[in-house]
Structure formats: structure tokens, C-alpha cells
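A closer look at the structure
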Amino acid sequence: MNKRIIVTLSAAMLAGCSSAAGSASTAASAVSATATSLTAVSETVPETLSAEGIISDTAASTITLRTDSTDQTYLKSDDFVCDGVMMVGMPAAVTYTSAADGRNTIHSLSVDTLKKVITGTIADEDASSITVTISVQSGDKDYVFLKADNYYESDGLKQGDSAMILYDGDMEDSPTAASICANDNSIIVIGVIVDEAMSTFQMKASGSGEERGFIKGDNMTVGGTIVRGSQAAVSCHFDNSDCIADRVTVNQNGRSIVGTVKDEAMSTIEITSDGKDYQFLKGDDRVVDDYLTGDTVTVNYSGKLDGSPTAYAILKN
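Keep in mind it's a predicted model, so treat the numbers as computed, not measured.

1. Things to note about the environment of tyrosine 167
Mapped onto the fold, tyrosine 167 is located in strand 9 (residues 162-168). The class for tyrosine 167 is buried, based on a relative accessible area of 7%. Separated by 53 residues in sequence, tyrosine 167 and leucine 114 have C-alpha atoms that sit 9.4 Å apart. With sequence-adjacent residues up to four places away left out, tyrosine 167 is seen in contact with Lys115, Lys116, Val117, Ile118, Phe145, Pro175, Thr176, Ala177 and Ala178.

Next comes the structure, spelled out in C-alpha cells:
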């Protein structure tokens with residue numbers, strides 16, 4: 001009895017639902033096609049690549065990096081971000097994607113600020129090294145720098161020219177030069193803008209955190225906009241005791257996030273943004289407004305949010 005009922009119901013279901021079965025088959029095919037389509041899309045997502053080298057050129061929409069003695073130009077993406085100030089001769093790491101037509105799009109750039117800097121006069125050079133005469137306490141002394149794999153040198157440098165050397169290692173034990181750039185006898189100061197007035201501005205120097213004041217030169221040029229909390233590099237010279245700014249280059253693609261102050265310690269600050277908590281190390285050169293727990297702030301930072309980002313500006317909104 002039960003068996004017959006089951007068979008009868010099954011027959012009715014098969015008779016009455018043949019169109020449903022067709023629909024189910026069509027739906028299954030659609031799901032399968034969609035899955036295939038999703039697989040195809042995922043296979044075309046470009047892989048994020050990385051490279052390290054020396055910045056050999058910068059423009060409004062492109063950056064050129066020298067890697068293994070070869071210059072590679074990258075087109076800036078719409079969401080391009082930068083840690084540090086882009087300057088020719090500075091070592092940097094980039095992340096980028098490569099298109100089928102060979103064009104490379106750069107998404108982030110991080111400038112290496114740990115290189116040592118010294119100025120001197122070029123005395124001699126060969127394929128693998130360069131000799132520079134540097135003034136020391138006991139007089140002039142020649143130092144031989146090995147050329148790094150990504151070594152960059154300004155065009156036209158020759159014996160007797162003044163140069164700025166970025167290097168690693170011990171000066172007395174075969175240091176390695178990352179780059180040598182023409183030195184126009186300017187002083188280069190890199191840091192964070194503290195304040196600006198009609199004819200002057202203040203900046204905290206990276207590394208030391210020392211605050212310095214600059215007078216805007218009559219012919220001063222500015223790349224970007226001088227804004228409190230922005231990273232900048234200043235080329236300047238002394239006139240008696242005044243430091244005159246000749247050129248200011250501002251990082252226009254810095255990272256920033258807006259959130260509510262949740263907690264703070266001596267060396268860290270924690271904010272909540274879009275329901276998620278983020279902790280930042282406080283940089284030595286940071287610029288900070290007066291704020292309290294619960295206040296809304298904008299944090300300008302270097303590094304990645306899911307890593308160990310460093311705040312160089314905490315500005316109250």
C-alpha cells in the first residue's frame with residue numbers, strides 16, 4: 001500500500017513537473033556557466049608584483065625606477081599612494097601590476113629613508129666603483145664607494161664635480177653607493193610641515209624630529225601644496241643665520257584615514273574607523289593637534305594598515 005502510493009506520487013510528480021525539471025536543468029547549466037565565467041574573471045585579475053630600485057625620474061603621471069641598471073617606467077594608478085617624498089636618486093620599493101600589452105601600473109611607492117648621505121667631490125670612477133674626496137677633520141680624504149646593483153648617477157657628472165652620495169655601510173670599510181647626484185650646494189631637509197605663513201614655514205625634520213624654520217626665497221618653487229601634516233623635502237641655503245627655501249617638494253599621494261580616538265599610549269595611538277580598530281606607532285617627526293579620547297581625527301601615516309603603520313600627523317577634525 002505504501003509502496004503503491006509512493007509509486008503513484010512519483011509518477012504524478014514526474015508527469016506534472018517535467019517543465020520544472022527542464023528549468024532545474026537550465027538553472028544548473030546557468031550556475032555552471034556562471035561558475036566558469038567567475039573562474040575566467042579570476043584568472044584575468046592581474047597579479048600584484050614588487051620591485052626595488054632607485055628613482056631615476058618623476059613626472060605628473062609616471063615614475064621611473066632603475067632596477068638592475070635598467071630604467072622601468074610605471075604609470076600611476078588612480079589610487080596611487082606614496083610613503084615619503086619622491087626624489088630622483090632615492091632608493092624605493094614599488095608594488096605594481098603588468099598588463100598584457102607590457103604597460104606597468106604602479107599602485108604604491110615606499111621611499112627608503114635609512115640610507116646615509118654625504119657630500120664630496122668626484123676624484124675618479126670606473127665600472128664598479130667611484131672615488132670621492134670628502135672633507136674630514138684632518139683634511140681632505142679619498143673614499144672608494146662600490147656601486148650597488150641598482151646604482152644611479154646624475155647625467156653629466158665628471159671628475160671635480162660636487163656630488164651627494166647615498167650609501168650603505170661603513171665609510172672606512174668599502175661602503176656601497178646607491179646613488180650619486182649632482183650637488184648644487186643646497187641643503188636637503190626632509191620632514192613634515194608644521195605650519196605656514198605668508199613668507200615662512202616650519203617643518204619637523206625626519207629622524208631627529210627637530211623643528212626648523214624656513215624663509216620662502218624670492219624664486220622658491222613648490223611641487224604640490226604646503227599643508228600642515230604633509231611630508232615634504234626642502235632644498236635650501238643659508239644666508240647669514242637664515243635658512244632660505246629654494247624648492248619645496250610635497251608628497252601629494254600620502255596615506256590617511258579618518259577615525260575616532262579610542263586609546264593612546266606613550267608611543268602608540270589607536271583609532272576606530274568604519275567599525276574597525278587601527279593602532280599606529282607615533283613617528284619622531286609627527287605633527288599633532290590637541291585632541292581627546294572620542295575626538296575625530298585624521299591620521300596621516302606610512303606603511304600598511306594591516307602591518308605596523310607609523311603616524312606622522314594626527315590632526316583634529
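2. What to know about the sheet that holds strand 5 (residues 104-111)
Around the barrel, which closes on itself, the 5 strands sit in the order 1-2-3-5-4 with mixed pairing between neighbours. Going from strand to strand, the sheet's axes swing by 55° on average, the running direction of each strand aside. In this structure, strand 2 (residues 62-67) lies alongside strand 3 (residues 70-83), joined through 6 bridges in antiparallel fashion. Bridging across to strand 3, leucine 65 finds its partner in glutamine 72.

3. What to know about the packing of aromatic side chains
Applying the stated rule across the entire model yields 4 aromatic pairs. Ring centres 5.1 Å apart and planes at 20° place the aromatic pair phenylalanine 201 and phenylalanine 214 in the stacked group. Highlighted residues: phenylalanine 201 in strand 12 (residues 200-205) and phenylalanine 214 in strand 13 (residues 211-223), separated in sequence by 13 residues. In this structure, phenylalanine 201 and phenylalanine 214 share a single accessibility class: buried.

4. Some words on the pairing of strand 12
Across the two faces of strand 12 the burial differs, with Phe201, Met203 and Ala205 buried and Thr200, Gln202 and Lys204 not buried at all. Bridge count between strand 11 (residues 187-196) and strand 12: 5 bridges; the pairing is antiparallel. By the bridge assignment, aspartate 195 is partnered in strand 12 with glutamine 202. Adjacent in sequence and paired antiparallel, strand 12 and strand 13 are bridged by 5 residues, among which glycine 207 carries a positive phi angle near 90°.

5. Concerning the nonpolar core
Residues Val94 and Leu109 are the most contacted members of the largest nonpolar core, which totals 19 residues. When residues of this core are traced back to their parent elements, those giving at least two are strand 1 (49-58), strand 2, strand 3, strand 4 (91-98) and strand 5. If sequence neighbours within four positions are ignored, leucine 109 has contacts with Ile55, Ile63, Phe80, Val81, Cys82, Asp83, Met86, Ala92, Ala93 and Val94. Counting 15 residues, the second-largest nonpolar core is a separate cluster that includes Val189, Ile193, Met220 and Cys236.

6. Some words on the sheet that holds strand 8 (residues 139-153)
Strand order around the closed barrel formed by 5 strands is 6-7-8-10-9, with mixed pairing between neighbours. Direction aside, the axes of adjacent strands within the sheet are offset by 55° on average. Of the pairings in the sheet, the one linking strand 6 (residues 116-125) to strand 7 (residues 129-136) comprises 4 bridges and is antiparallel in character. In the strand pairing of strand 7, threonine 121 is matched with threonine 133.

7. With respect to the side chain of serine 108
Within the element layout of this structure, serine 108 appears in strand 5. Judged by relative accessible area, serine 108 falls into the buried class, the value being 12%. Aside from chain neighbours lying at most four places away, what touches serine 108 is Phe80, Val81, Ala93, Val94, Thr95 and Arg255.

8. A few points about a negative patch on the surface
A cluster of acidic residues, Asp124, Asp126, Asp140 and Asp142, forms a negative patch at the surface. Of the residues examined, aspartate 142 reaches a relative accessible area of 47% and is grouped as partly exposed.

9. Overview of the pattern of salt bridges
Applying the stated criterion to the full structure yields 14 salt bridges. A salt bridge links lysine 147 to glutamate 125, with the shortest nitrogen-to-oxygen separation between them at 2.8 Å. In this pair, lysine 147 sits in strand 8 while glutamate 125 sits in strand 6, placing the two residues 22 residues apart along the sequence. A residue is classified by how much of its surface remains accessible, and lysine 147, at 19% relative accessible area, is buried.

10. Some words on the environment of valine 261
Here valine 261 shows up in strand 16 (residues 255-264). Since its relative accessible area comes to 3%, valine 261 is described here as buried. Separated by 16 residues in sequence, valine 261 and aspartate 277 have C-alpha atoms that sit 9.6 Å apart. Other than its neighbours up to four places away in sequence, valine 261 contacts Ile269, Glu270, Ile271, Tyr291, Leu292, Thr293, Gly294, Asp295 and Val297.

11. Some remarks on unusual backbone geometry
With phi around 50°, serine 174 is a residue other than glycine that occupies positive phi space. Tracing the backbone shows serine 174 in the loop between strand 9 and strand 10 (176-182). Phi is positive for asparagine 240, close to 60°, though the residue is something other than glycine. Secondary-structure assignment places asparagine 240 in the loop between strand 14 (231-239) and strand 15 (242-250).

12. A closer look at the confidence of the model for the protein
Summary statistics for the protein give a mean pLDDT of 86 and a share of 86% for residues scoring 70 or more. Taken as a whole, residues 1-21 scores under 50 in pLDDT and shows 0 contacts with residues more than four places along the chain or in a different chain.

Conventions adopted
Residues numbered from 1 in each chain as written. Predicted model: local features only at pLDDT ≥ 70, side-chain atom pairs only at ≥ 80, totals over all residues. Heavy atoms only, no water. Helix = DSSP H or I, 4+ residues; strand = E, 2+ residues; numbered from the N terminus. Buried < 20%, exposed > 50% of the residue type's maximum accessible area, 1.4 Å probe, protein only. Contact = heavy atoms within 4.5 Å. Pairing = 2+ DSSP bridges. Axes fitted to C-alpha atoms, helices over the stretch in contact; angles between N-to-C directions. Phe/Tyr/Trp six-rings, centres within 6.5 Å; stacked < 30°, edge-to-face > 60°. Core = buried A, V, L, I, M, F, W, Y, C linked by side-chain atoms within 4.5 Å. Patch = residues over 30% accessible without salt bridge, like charges linked within 9 Å, V, L, I, M, F, W, Y side chains within 5 Å. Areas by Shrake-Rupley, 256 points an atom, 1.4 Å probe, with all protein chains shown as cover. Salt bridge = Lys/Arg side-chain N within 4 Å of Asp/Glu carboxyl O. Lys, Arg positive; Asp, Glu negative; His and termini not counted. Charge placed at Lys NZ, Arg CZ, Asp CG, Glu CD. pLDDT = per-residue confidence, 0-100.

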